[in-house]
Amino acid sequence: MVRGYLAQVGPHKIAFDSWNAVEGNPFFAPDAGIVPQLEEFMDALREAGDSCGARVNVVASGVPVGWGEPVYGRLDADIAAAMMGINAVKGVEIGAGFAAVTQKGSEHGDEMSPQGFLSNNNGGVLGGISTGQDITVSIALKPTSSIRLPRRTIDAKGQATTIETTGRHDPCVGIRATPVAEAMLACVLMDHALRHRAQCGDVTPPLALG
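Residues numbered from 1 in each chain as written. Predicted model: local features only at pLDDT ≥ 70, side-chain atom pairs only at ≥ 80, totals over all residues. Heavy atoms only, no water.

### A few points about the sheet that holds strand 2 (residues 12-13)
For step 1, the next point in the chain: Overall, antiparallel pairing links the five strands, which are arranged 2-1-3-9-4 in an open sheet. Each having just a single partner strand, strand 2 and strand 4 (89-94) make up the two edges of the open sheet.
For step 2, the next point in the chain: Relative to strand 3 (residues 54-60), strand 1 (residues 2-9) runs antiparallel, the two sharing seven bridges. Bridging across to strand 3, glycine 4 finds its partner in valine 58.
For step 3, the next point in the chain: Each of strand 4 and strand 9 (135-141) touches helix 3 (residues 75-84); the most contacted strand, strand 4, lies at about 155 degrees to it. (Pairing = 2+ DSSP bridges. Helix = DSSP H or I, 4+ residues; strand = E, 2+ residues; numbered from the N terminus. Contact = heavy atoms within 4.5 Å. Axes fitted to C-alpha atoms, helices over the stretch in contact; angles between N-to-C directions.)

Set out below in structure tokens:
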């Protein structure tokens, strides 16, 4: 199963309440209580002619162990490349992502027990290969560049001028990115499922956890 949600709009972080809330509002927000605040924020941006960025989280559960390769065809590398292919995406995190910078090895490393992994800081991918845990991906989308406010630029002759976008205006393209990110992650996983079947046939891992 692949599903996602809006985790942040501009400065507004959205706490995860439930998956049921995601489909019940136009923001794909996992907390229905914050929707009026987001609507007010969007209206203010639209009236000001400005825009903001957003963060979308996507989770794939039930992915088998062993998809991907350790160097070429890494599962996490293919996911990152696909996500960066989405318009306006400027950052991709898998698992703890940039939060790993402040973690110690004793905190970040996913320890194992006979029942399986004890944490998932690596987002379901280790050494480029799926671990069987949830694959967790987070993407950052930039503020819409086509805004109504005048911006400095140059003309065809290289001379300084200003430009102001009129007509259709999106204060935040990220609020519509959740189903796109879900679809992109699903495409990558299906591709790896086919590659794994072609390479390994009916071979199954000898170790069964859980």
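### Notes on helix 5 (residues 178-200)
For step 1, the next point in the chain: Here helix 5 spans 33 Å end to end across 23 residues, near enough to the 33 Å set by a 1.5 Å rise per residue.
For step 2, the next point in the chain: Of all the residues in helix 5, the buried ones are Thr178, Ala181, Glu182, Leu185, Val188, Leu189 and His192.
For step 3, the next point in the chain: For helix 5, the secondary structure elements touched by its buried residues are strand 1, strand 3, helix 3 and strand 9.
For step 4, the next point in the chain: Note on helix 5: the residue one or two positions beyond its end, glycine 201, has a positive phi of about 60 degrees. (Expected span 1.5 Å × (residues − 1). Buried < 20%, exposed > 50% of the residue type's maximum accessible area, 1.4 Å probe, protein only.)

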